[in-house]
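Chain by chain, the residues:
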Amino acid sequence: MAAASHKPVGAITADDLAAAAPGADAAALHAALRRVLGTGAADPAAVWGELCRSLLRPDVPFAVHRMLYYGCFAGFPSPTPPAWTPDPEEAAVTNVGRVMGARGRELLGEAYKDPISSFPDLYKFSNDNPEAYWKMVFEDMGVEFSVMPSCIWRESDVYPGGEWLPGAELNAAANCLSAKPGRSSEDVAIVWRDEGKDSEPPNFMTLEELRKKVCLVANALDALSLPKGSAIAIDMPMSVNAVVIYLAIVLAGYVVVSIADSFAAPAISTRLKISEAKAIFTQVTRITSFVMTRNCHCTGAFLSTKAIYPQITLLEHILTLYLCFYSRVVEANAPMAIVIPVRGSLPIKGLRVNDLSWQDFLGSVNGTKAENYAAVMQPAYAFTNILFSSGTTGEPKAIPWTHITPLKAAADGWCHMDIRKGDVVAWPTNLGWMMGPWLVYASLLNGASMALYNGSPNSSGFAKFVQDAKVTMLGLVPSIARTWKNTDCTAGFDWSTIRCFSSSGETSSVDDYLWLMGRACYKPVIEYCGGTEIGGGFVSGCLLQPQALSAFSTPAMGCGLFILDSSGNPLPQDSVGIGELALDPVLFGSSTTLLNADHQEVYFNGMPEWNGKVLRRHGDEFERTCDGYYRAHGRADDTMNLGGIKVSSIEIERICNRVNDAILETAAIGVPPIGGGPEQLTIAVVLKDQSSQVEDLNQLKLAFNAALKKLNPLFKVSSVLVVPSLPRTASNKVMRRVLRKEFTQAAQAKKSKI
């Protein structure tokens, strides 16, 4: 944090506040500031905490929040000052605090002091004593086994990280649907709302209602006469029906194939072939506005839609645009499809011969047994879900989840986001990405409600839903927070029920997340980084530790982290450094196989050993700071060599994003010059206002260079290019390699004309 250039909070005047926030009552704000400073608190974190409690309400202009935050930590000795500090009383009632209060001395011995002070000891305990730690977590979560494991973990020649829950049999979906102590069958399991119905009360589904619907679908699945263990795909938005179908497939002993609802037919076809799916659930969706996206193929959509809805003319199609998921499934040459209508759609006609409407599919079940189903209990390592990596470089990796993986996801939610019984958890996502199944399990296995909004999260409608659903944990990707901040679509809504945010998927911005915290009266953002092949996170935050913006305060429970030096060897644990990240192979919930690649080759071959164990490859570049936080620097291949100095693209982008208020985001790319030589730094710039123009790119380049001097005076921007948007994977990761290729080709073309 470059706080040295900001005025210390004690020197901020009423004129400073007036200049930062024209129209605000600067005199009143300054008087409130002086009252806080007059309390005598000397610790910057204490001063900041008091300002958050007494002055910085959501209706105070963000410029004031920002000025006071940077002012409080001006001259702070660490690059990661705490934006939030745990309160001892609140920490004591978190999941971890409650267990530690009751069993701290039993688990940690005389070293135990209190939940906050002893949290690092509990983390160490989770690695050193997996048997005791995971048994404690399963007991508190109420996980039920039909056959108990012989132990929690044991060495194995088959699995590089050892074998978890040997001999156990269970069903993850059955655990989601069962009432437990402190959780009634009449408790709310899902709360949802459809976009456009924002003035209506939210819809609620109890646990018992969910159980009955899941059992109905499970019985209908058996009526299809597919062999147990068959792969069944889901290609639809994250709706109540999608959740019901997902749980039913797992409950009945089949395997979900997760396909993101944004995928076009070729991507769908690839995933269906890899997984050997025997059926697919999809839906027909009515889009009320004509918005062309990269996933909308109008002509093909019309032709397929015409077959289903003969009464629709081309003009009607263009005016209302029925974008039919089913048409893409047909184009992908999918197996048998079960097609679900949505409210507002026309009756479905013209399906393929072997396809079924939702009504006919459910109608195959005898009414007397529809509401009950005996869950199929399976070994812990039986597949439950096949998910896919982004697939930006060739065929996507097919990653199976087992019945163990949901427990990892839920345990992360239990510990790091403190998801409790009675909570309401929202996270805009899709079942095609790991955070979709993660949301299902982290909510329901912890006795919380899942909050689903059937519409765009980048809207005031979603912001109102968060208020009306009384969301307590709101997850998101940083680009959503950036959109909210730029459009101010959350203004006027009460988010005071939120206890914490969580963020995953890409590197966040300090300013964006400072703004986000302020929307909920400064509740913390729990950064969360992991992977599909892990089933959750390897590094995160926690409500028992101070949280810094855009930083992680702890490795995930039960996960050992190693930063590799330039020679590929692990640095001493807990030492300051930056490099490629590797993981201890003894990691609960992590993958043991891939359907279409060599798991050993992908994750272990060529990795260094530590204490006799070959470390597991992850591929992210991470830094451990002097005060024990972790910071992400993107993929290890998103680094550049500038003048012989290795630097992360994200580190440069953090600085460039703040140079000019007109900038929405940037991408830093090292482009090799024509004819060879050291990489030259090119900055791609996306403007907030696409209709505006940068009058002088050279001036912007000079501004970037001046800002980068604080990082390293040797770093020089060679060129600046304005682009309409940054290319991203379907999971929202910036594809810098695409920009690098485009810029290199453009430079070559330009030279060939000379």
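Residues numbered from 1 in each chain as written. Predicted model: local features only at pLDDT ≥ 70, side-chain atom pairs only at ≥ 80, totals over all residues. Heavy atoms only, no water.

## A look at the overall build of the chain
Part 1 of the reasoning: Secondary structure assignment for the chain yields 25 helices and 35 strands.
Part 2 of the reasoning: Its C-alpha atoms give the chain a radius of gyration of 26 Å, within 12% of the compact-globule value 27 Å for 754 residues.
Part 3 of the reasoning: Considered along the principal axes of its C-alpha atoms, the chain spans approximately 75 × 75 × 55 Å.
Part 4 of the reasoning: Burial analysis of the chain (754 residues in total) assigns 56% to the buried set.
Part 5 of the reasoning: In the chain, 67% of the contacts between residues at least 6 apart in sequence involve partners at least 24 apart.
Part 6 of the reasoning: The positive charge centre, built from 66 side chains, and the negative charge centre, built from 73, are 4 Å apart in the chain. (Helix = DSSP H or I, 4+ residues; strand = E, 2+ residues; numbered from the N terminus. Rg over C-alpha atoms; globule rule 2.2 N^0.38 Å. Buried < 20%, exposed > 50% of the residue type's maximum accessible area, 1.4 Å probe, protein only. Contact = heavy atoms within 4.5 Å. Lys, Arg positive; Asp, Glu negative; His and termini not counted. Charge placed at Lys NZ, Arg CZ, Asp CG, Glu CD.)

## Focus: the UniProt feature "transmembrane region" (unreviewed entry) in the chain
Part 1 of the reasoning: Here, UniProt's "transmembrane region" (unreviewed entry) annotation points to residues 243-268.
Part 2 of the reasoning: In this annotation, residues 243-268 is assigned 50% helix and 15% strand; the end-to-end C-alpha distance for the span is 20 Å. (UniProt positions renumbered as here; feature names shortened; annotations may be inferred.)

## Structural notes on the side chain of S504
Part 1 of the reasoning: In this structure, S504 sits in the loop between strand 19 (500-503) and helix 21 (510-519).
Part 2 of the reasoning: Judged by relative accessible area, S504 falls into the buried class, the value being 13%.
Part 3 of the reasoning: At 2.9 Å, the side chain of S504 and the backbone oxygen of Y528 are in polar contact.
Part 4 of the reasoning: The residues contacting S504, other than those within four sequence positions of it, are W427, L476, V477, P478 and Y528. (Polar contact = N/O pair within 3.5 Å; in protein donor to acceptor, adjacent residues only side chain to side chain.)

## So, the layout of surface pockets
Part 1 of the reasoning: Computed from the structure, the second largest pocket encloses a volume of approximately 900 Å³.
Part 2 of the reasoning: Elements with a minimum of two residues in the lining of the second largest pocket: helix 7 (119-128), helix 8 (130-141), strand 24 (554-555) and strand 25 (561-563).
Part 3 of the reasoning: The biggest single contributor to the lining of the second largest pocket is helix 7, with eight residues.
Part 4 of the reasoning: Counted by class, the lining of the second largest pocket contains 21 nonpolar, 11 polar and eight charged residues. (1 Å grid on protein atoms, 1.4 Å probe; cavity = no way out; pocket = protein on both sides within 12 Å on 5 of 7 lines; lining within 4 Å. Points joined across faces, edges and corners; volume = space filled by probe spheres on them. Nonpolar A, V, L, I, M, F, W, Y, C, P; charged D, E, K, R; others polar.)

## Quick notes on the sheet that holds strand 34 (residues 680-687)
Part 1 of the reasoning: With mixed pairing, the three strands of this open sheet are ordered in space as 33-34-35. The strands lining the two open edges of the sheet, one partner per strand, are strand 33 (663-671) and strand 35 (717-722). For this sheet the average axis-to-axis angle between neighbouring strands, irrespective of direction, equals 25°.
Part 2 of the reasoning: Note that strand 34 and strand 35 share five bridges and pair parallel. Residue L681 lies in a different strand from strand 35, and its bridge partner there is V717.
Part 3 of the reasoning: Sitting on the sheet, helix 23 (residues 649-656) touches strand 33 and strand 34, and the angle it makes with strand 33 is about 145°. (Pairing = 2+ DSSP bridges. Axes fitted to C-alpha atoms, helices over the stretch in contact; angles between N-to-C directions.)

## Topic: the UniProt feature "domain: Acetyl-coenzyme A synthetase N-terminal" (unreviewed entry) in the chain
Part 1 of the reasoning: Using the residue numbers shown here, the UniProt feature "domain: Acetyl-coenzyme A synthetase N-terminal" (unreviewed entry) corresponds to residues 121-176.
Part 2 of the reasoning: This span, residues 121-176, is 45% helix and 11% strand, and a straight line between its end C-alpha atoms measures 31 Å.

## Things to note about unusual backbone geometry
Part 1 of the reasoning: Look at L165: it is not a glycine, yet its phi comes out positive at around 50°.
Part 2 of the reasoning: You can see L165 is positioned in the loop between strand 3 (163-164) and strand 4 (169-170).
Part 3 of the reasoning: For L165, a relative accessible area of 1% translates into the label buried.

## Some points on helix 21
Residues separated by three or four positions in an α-helix point in the same direction, a consequence of the helix having 3.6 residues per turn.
Part 1 of the reasoning: Most of helix 21 sits inside the fold, with 10 of its 10 residues counted as buried.
Part 2 of the reasoning: Just past helix 21, the residue C521 takes up positive phi, approximately 55°.

## Some thoughts on the environment of A668
Part 1 of the reasoning: Tracing the chain through its elements places A668 in strand 33.
Part 2 of the reasoning: In this structure the C-alpha to C-alpha distance between A668 and L739, which are 71 residues apart in sequence, comes to 9.3 Å.
Part 3 of the reasoning: Those residues in contact with A668 that sit more than four places away from it in its chain are M640, S649, I652, E653, L681, T682, I683 and R736.

## Structural notes on the confidence of the model for the chain
Low pLDDT means the predicted atomic positions in that stretch should not be read closely.
Part 1 of the reasoning: Averaged over all residues, the pLDDT of the chain is 88; the fraction at 70 or higher stands at 90%.
Part 2 of the reasoning: Note that pLDDT drops below 50 for residues 286-323; the model gives that stretch 55 contacts with residues more than four away or on any other chain. (pLDDT = per-residue confidence, 0-100.)

## Remarks on empty space enclosed by the protein
Here the idea is plain: a probe the size of a water molecule rolls over the atoms and shows the empty space left.
Part 1 of the reasoning: With the rule as written, the count across this model stands at four cavities of 30 Å³ or more.
Part 2 of the reasoning: Roughly 190 Å³ of volume is contained in the largest cavity.
Part 3 of the reasoning: Around the largest cavity, the lining comprises 26 residues; the ones closest to its centre are Y381, G589, S590, S591 and T592.
Part 4 of the reasoning: Looking at which element gives the most residues to the lining of the largest cavity, the answer is strand 15 (residues 398-402), with three residues.
Part 5 of the reasoning: Grouping the constituent residues of the lining of the largest cavity by class yields 12 nonpolar, 12 polar and two charged.

## Thoughts on the packing of aromatic side chains
Part 1 of the reasoning: Applying the stated criterion to the full structure yields 28 aromatic pairs.
Part 2 of the reasoning: For the ring pair W48 and Y522, a centre distance of 5.2 Å and an interplane angle of 85° mean the geometry is edge-to-face. Taken together, the residues W48 in helix 3 (residues 44-54) and Y522 in the loop between helix 21 and strand 20 (525-527) connect sequence positions 474 residues apart.
Part 3 of the reasoning: Its relative accessible area of 5% is what places Y522 among the buried residues.
Part 4 of the reasoning: Pairing W358 with F361 gives two aromatic rings, centres 5.7 Å apart and planes at 25°, and the pair type is stacked. Placement of the pair is W358 and F361 together in helix 16 (residues 358-362), with a separation of three residues, close to one helical turn. Comparing W358 with F361 shows no difference in burial state: the two are buried.
Part 5 of the reasoning: By way of ring pairs, the aromatic residues Y133, W134, F138, F145, W153, W164 and F588 are connected into one cluster.
Part 6 of the reasoning: One Lys or Arg, R271, reaches over the ring of F388 and ends 5.4 Å from the middle of that ring.
Part 7 of the reasoning: Over the face of the ring belonging to Y603 we find R616, whose NZ or CZ atom lies 4.5 Å from the ring centre. (Phe/Tyr/Trp six-rings, centres within 6.5 Å; stacked < 30°, edge-to-face > 60°. Lys NZ or Arg CZ within 6 Å of the ring centre and 35° of its normal.)

## Remarks on the environment of D512
Part 1 of the reasoning: Relative to the helices and strands, D512 is located in helix 21.
Part 2 of the reasoning: Relative accessible area serves as the criterion here: at 7%, D512 is assigned to the buried category.
Part 3 of the reasoning: Note: C-alpha distance between D512 and A426 (86 residues apart in sequence) is 19 Å.
Part 4 of the reasoning: In contact with D512, other than residues within four places in its own chain, are R482 and K485.

## Some points on the packing of helix 4 (residues 62-72) against helix 21
Between two packed helices, both the angle of their axes relative to each other and the distance between the axes serve to describe the pair.
Part 1 of the reasoning: Between helix 4 and helix 21, the shortest axis-to-axis distance is 10 Å and the interhelical angle comes to 115°. Classified by the interaxial angle, the pair formed by helix 4 and helix 21 is roughly perpendicular. Seen from above, helix 4 lies across helix 21 with right-handed handedness. On helix 21, the residues touching F62, H65, R66, Y69 and Y70 of helix 4 are V510, D511, L514, W515 and R519.
Part 2 of the reasoning: Its residues assigned to classes, the contact of helix 4 with helix 21 comprises six nonpolar, one polar and three charged. (Parallel < 35°, antiparallel > 145°, perpendicular 65-115°, else oblique. Left-handed = near helix turned anticlockwise from the far one by under 90°.)

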